[in-house]
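Chain by chain, the residues:
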Amino acid sequence: ETGVTQTPRHLVMGMTNKKSLKCEQHLGHNAMYWYKQSAKKPLELMFVYNFKEQTENNSVPSRFSPECPNSSHLFLHLHTLQPEDSALYLCASSQAGASGNTIYFGEGSWLTVV
Amino acid sequence: QKEVEQNSGPLSVPEGAIASLNCTYSDRGSQSFFWYRQYSGKSPELIMSIYSNGDKEDGRFTAQLNKASQYVSLLIRDSQPSDSATYLCAVNESEGAQKLVFGQGTRLTINP
């Protein structure tokens, strides 16, 4: 069981489609993240939100558009993706401002772009 | 470019032996260090965190940190087949928001 839930768990989309990934955390945290995990590459930080405000955009292409309506919910809107965007997308949360606190990951959304 | 380096493996260890996983990092100012375990097809889960030089033990797991050498390791005693997974080393880049930089992971296989 995880305090961070992601939907959908699996998504197949065409390059012209528009879809969204959803994340919800039930841990009372105030920071949320999107990470990308591709085969044979380290986990890559994409976006960071603190108290609903985006504090980090790690040079992510604009075809990925995050949205954070409140501290418990995070979305990743996807449009005109490329096959190389196929990866596991992980949402995470933590209590920002508390030194040494831990990031907790959701189960991830497996994305395949065809 | 802040980096975290791990040997990608695979590392094979017989059941009951000690598995030793190593990690080096480039940012000398890093303060928080984490080991995550990731089973195939699953998300990473936290195994250990360490913030001070020395050893930290939790059950069969021991994390070791040497900030002078910019080196962090994870020892798994009495290895079990269920320990077979990829182990990710992560280093916190900043206070406040946790901007973890991950290594590419070491794939560990425990042989019965």
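Bear in mind the structure is a predicted one, so any value in this text is a computation, not a measurement.

Parameters and conventions
Residues numbered from 1 in each chain as written. Chains lettered and ligands numbered in written order. Predicted model: local features only at pLDDT ≥ 70, side-chain atom pairs only at ≥ 80, totals over all residues. Heavy atoms only, no water. Disulfide = S-S within 2.5 Å. Helix = DSSP H or I, 4+ residues; strand = E, 2+ residues; numbered from the N terminus. Buried < 20%, exposed > 50% of the residue type's maximum accessible area, 1.4 Å probe, protein only. Pairing = 2+ DSSP bridges. Axes fitted to C-alpha atoms, helices over the stretch in contact; angles between N-to-C directions. Phe/Tyr/Trp six-rings, centres within 6.5 Å; stacked < 30°, edge-to-face > 60°.

(A) A look at the state of the cysteines. Scanning the model with the defined rule gives two disulfides over all chains in all. Note that Cys23(A) is cross-linked by a disulfide to Cys91(A), the S-S spacing being 1.9 Å. Handedness here is read from the sign of the S-S torsion; for Cys23(A) and Cys91(A), about -75°, the answer is left-handed. In this pair, Cys23(A) is assigned in strand 3 (residues 18–25) and Cys91(A) in strand 9 (residues 87–94), connecting sequence segments 68 residues apart. This pair shows no difference in class: Cys23(A) is buried, exactly as Cys91(A) is. A sulfur-sulfur distance of 2.1 Å marks the disulfide that ties Cys23(B) to Cys89(B). Negative torsions about the S-S bond denote left-handed disulfides, and the value of about -75° found for Cys23(B) with Cys89(B) makes this one left-handed. Within this pair, whereas Cys23(B) is found in strand 3 (residues 19–25), its partner Cys89(B) is found in strand 9 (residues 85–92), the two being separated by 66 residues in sequence. Side by side, Cys23(B) and Cys89(B) carry an identical accessibility label, which is buried. Cysteine Cys68(A) shares no disulfide, and the gap to the nearest cysteine sulfur, in Cys91(A), comes to 8.9 Å. Cys68(A) gets classed as buried once you look at its relative accessible area, which sits at 11%.

(B) Molecular detail of the sheet that holds strand 7 (residues 64–70) of chain A. Residues and elements named next belong to chain A. Strands sit in the order 1-3-8-7 across an open sheet of four strands; the sheet is antiparallel. Unpaired on one side and paired on the other, strand 1 (4–7) and strand 7 mark the two borders of the sheet. When the angles between neighbouring strand axes are averaged without regard to direction, this sheet yields 20°. Bridging between strand 7 and strand 8 (residues 73–79) involves five bridges; their strand directions are antiparallel.

(C) Here's a closer look at the pairing of strand 3 of chain A. Residues and elements named next belong to chain A. With four bridges joining them, strand 1 and strand 3 adopt antiparallel strand pairing. Looking at the pairing, Gln6 lines up with Cys23 of strand 3. The sheet contact formed by strand 3 and strand 8 spans seven bridges and is antiparallel. In the sheet register, Lys18 faces strand 8, and the bridge partner there is His79.

(D) Quick look at the packing of aromatic side chains. According to the stated counting rule, one finds nine aromatic pairs over all chains in the structure shown. For the pair Tyr33(A) and Tyr35(A), a centre-to-centre distance of 6.4 Å together with 40° between the ring planes defines the contact as tilted. Ring geometry for Phe34(B) and Tyr51(B): centres 6.2 Å apart, planes at 80°, overall edge-to-face. Of this pair, Phe34(B) sits in strand 4 (residues 33–38) while Tyr51(B) sits in the loop between strand 5 (45–50) and strand 6 (54–58), and the two are 17 residues apart along the sequence. Overall, the relative accessible area of 1% leaves Phe34(B) in the buried class. Residue Tyr51(B) is classed as partly exposed on the basis of its relative accessible area of 30%.

(E) Representation of the sheet that holds strand 7 (residues 61–66) of chain B in the model. Residue and element names in this part refer to chain B. Taking strand neighbours across the sheet as the criterion, the five strands line up as 1-3-8-7-6 in an open arrangement whose pairing is antiparallel. Edge strands, defined here as strands with exactly one partner in the open sheet, are strand 1 (4–6) and strand 6. For this sheet the average axis-to-axis angle between neighbouring strands, irrespective of direction, equals 20°. Bridge count between strand 1 and strand 3: three bridges; the pairing is antiparallel. Following the sheet pairing, Glu5 is matched in strand 3 by Thr24.

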